[in-house]
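Residues per chain are reported as follows:
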Amino acid sequence: MKIVLACPAPPRSRKGNRVTAVRWAGFLKSLGHRVTIAADCDGRPCDLLIALHARKSYDAARAYRAASPDGPLVVALTGTDLYRDVRTSATARRSLDMADRLVVLQPKALDELAPRLRGKTRVILQSAKPTPNPPSAATWGPNFFPVCVLGHLRHEKDPFRAALALRLLPRDTRVFLVQAGEALSEPMAERARTLMRRLPRYQWLGEVSGLGARRVLASSRLMVLSSRMEGGANVISEALADGVPVLASRIPGNVGLLGARYPGYFPVGATKALARLLARAEGDAAFYARLKAWCAGLAPRVAPERECAAWARLLDEFGAAGVG
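Throughout what follows, the structure given in this document is the object of discussion. A quick note: this is a predicted structure, and the numbers were derived from the prediction, not measured. (Residues numbered from 1 in each chain as written. Predicted model: local features only at pLDDT ≥ 70, side-chain atom pairs only at ≥ 80, totals over all residues. Heavy atoms only, no water.)

## Details of the sheet that holds strand β2 (residues 34-38)
What the six strands build is an open sheet, ordered β2-β1-β3-β4-β5-β6; its pairing is parallel. Pairing within the sheet leaves two strands with one partner each, and these edge strands are β2 and β6 (121-123). When strand polarity is set aside, the average angle formed by the axes of neighbouring strands in this sheet is 20°. Both strand β4 (residues 73-76) and strand β5 (residues 101-104) contribute to a ladder of three bridges, which runs parallel. Bridge assignment links Val-74 to a residue of β5, and that residue is Arg-101. On top of the sheet, helix α1 (residues 16-30) reaches β1 (2-6), β2, β3 (48-52), β4 and β5; it is set at about 170° to β2, its chief contact. Sheet strands in contact with helix α13 (residues 304-316) are β1, β3, β4, β5 and β6, and its direction is about 170° off that of β5. (Pairing = 2+ DSSP bridges. Helix = DSSP H or I, 4+ residues; strand = E, 2+ residues; numbered from the N terminus. Axes fitted to C-alpha atoms, helices over the stretch in contact; angles between N-to-C directions. Contact = heavy atoms within 4.5 Å.)

Right, here's the structure in full:
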């Protein structure tokens, strides 16, 4: 089967959409299909189009539907699709209507869709393998409690919330915050540099490789995910795969992955609440063990074979399983 995976992020980009597209392409190829990742659908013949991002890949979906009125079309929804664009963008809503199937990355995403769309929606959790040859947090020594923030510096991620919380911790804190991710604007970069000058226990690494980010994660005692919106962050899957507990903003995309009763949430933008959680995780061994045990219980859900099997089931709905 010839599959085109329409992705708005360019080749070699480290943005989440491209990382997701490459991983999905690998699964689809392992199932025996021929897969091309492209920014659009420019008339090339294919048996199936998977459009990643309802708004940004609308043109690709429309071109495919015009060329193949009866061809199967899958639209995968990102966080900005679910929690912004389907409310404000007519093109995003048209993508949803055109699609034969919709893919979302965590179950609470269904709450954001009109009831008429839920029947054709499938939940596929993003997966991750453990970091190969991971460094240990113990290499930091007893005077450090390493915490990481991973992701590009942009508004939706509320990227400096952890650094602001770090300023509120006691002088004798062992928390050391490492942030990795490209600044998507010069003001974001300048703010990160300013925080480094003012906070001796904060380090911004800038853009790093995928493996570099995973090694930062694996050597941390905690990861903070402070996003304002998420469709279903793959970085949570990576943290679960590496056994690193998460402190996360209480937004649907995070709750859909970690569960409603997870003890590591803080309200969006709540610096003091995050600071309290950081201090508690550092100083309360029982609380930290509870976070770690909860995340360990979720780890089997992000096994790559489960994500691959979910894609196989979806293709089977089109009669495509095993087609070469």
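## Side note on the environment of Ser-220
Note that Ser-220 resides in the loop between α8 (210-218) and β10 (222-225). A relative accessible area of 7% places Ser-220 in the buried class. Only 2.7 Å separates the side chain of Ser-220 from the backbone oxygen of Val-216, close enough to count as a polar contact. (Buried < 20%, exposed > 50% of the residue type's maximum accessible area, 1.4 Å probe, protein only. Polar contact = N/O pair within 3.5 Å; in protein donor to acceptor, adjacent residues only side chain to side chain.)

## Side note on the side chain of Ser-95
Tracing the chain through its elements places Ser-95 in helix α4 (residues 90-98). Its relative accessible area of 1% is what places Ser-95 among the buried residues. Among residues more than four places away in sequence, those in contact with Ser-95 are Ala-54, Tyr-58 and Val-75.

## A word on the packing of aromatic side chains
Under the counting rule described, the total for this entry stands at seven aromatic pairs. Pairing Phe-144 with Phe-176 gives two aromatic rings, centres 5.9 Å apart and planes at 70°, and the pair type is edge-to-face. Here Phe-144, found in the loop between β6 and β7 (145-150), pairs with Phe-176, found in strand β8 (residues 175-180); they are 32 residues apart in sequence, far enough to count as distant. Taking relative accessible area as the criterion, Phe-144 reaches 29% and is therefore assigned partly exposed. Taken together, the ring pairs connect Trp-140, Phe-144 and Phe-176 into an aromatic cluster. When the ring centre of Tyr-288 is taken as origin, the NZ or CZ atom of Arg-221, which lies over that ring, is 4.6 Å away. (Phe/Tyr/Trp six-rings, centres within 6.5 Å; stacked < 30°, edge-to-face > 60°. Lys NZ or Arg CZ within 6 Å of the ring centre and 35° of its normal.)

## A look at the sheet that holds β10
Taken in spatial order, the six strands line up as β9-β8-β7-β10-β11-β12 in an open sheet, and their pairing is parallel. Two strands bound the open sheet, and with one partner strand each, they are β9 (202-204) and β12 (265-266). Across three bridges, the pairing between β8 and β9 is parallel. Counted as the bridge partner of Val-178 is Gln-203 from β9. Sheet contacts for α8: β7, β8 and β10; angle to β7, the most-contacted strand, approximately 145°.

## Observations regarding helix α11 (residues 271-283)
With 13 residues, α11 should cover 18 Å at 1.5 Å per step; its first-to-last C-alpha distance of 18 Å lies within 8% of that length. Within α11, burial applies to Thr-271, Ala-273, Leu-274, Ala-275, Leu-277, Leu-278, Ala-281 and Glu-282. (Expected span 1.5 Å × (residues − 1).)

## A word on the packing of helix α3 (residues 79-88) against α4
Between α3 and α4, the shortest axis-to-axis distance is 5 Å and the interhelical angle comes to 105°. As far as their axial angle goes, α4 and α3 are roughly perpendicular. Of the residues in α4, those touching α3 at Asp-85, Val-86, Arg-87 and Thr-88 are Ala-90, Ala-92, Arg-93 and Leu-96. (Parallel < 35°, antiparallel > 145°, perpendicular 65-115°, else oblique.)

## So, α1
Since the α-helix turns once every 3.6 residues, residues separated by three or four places project in the same direction. With 15 residues, α1 ought to run about 21 Å at 1.5 Å a step, and its terminal C-alpha atoms sit 21 Å apart, in line with that. All of the buried residues in α1 are Asn-17, Arg-18, Thr-20, Ala-21, Arg-23, Trp-24, Ala-25, Phe-27 and Leu-28. Residue Gly-32 follows α1 closely and has a positive phi angle near 100°.

## Let's talk about the state of the cysteines
What we call a disulfide is simply a covalent bond connecting the sulfur atoms of a pair of cysteines. Within this structure, the stated rule accounts for zero disulfides. In this structure Cys-308 is a free cysteine whose sulfur lies 19 Å from that of Cys-7, the closest cysteine sulfur available. (Disulfide = S-S within 2.5 Å.)

## Section: the pairing of β10
Every second residue of β10 is oriented toward a common face, with Leu-222 and Val-224 on one face and Met-223 and Leu-225 on the other, all of them buried. Across two bridges, the pairing between β7 and β10 is parallel. In the strand pairing of β10, Cys-148 is matched with Met-223. Considered for its hand, the β-α-β crossover made up of β10, helix α9 (residues 234-242) and strand β11 (residues 246-249) is right-handed. (Right-handed = clockwise from strand over helix to strand, strands pointing away.)

On their own, these measurements won't tell you what the molecule is for.
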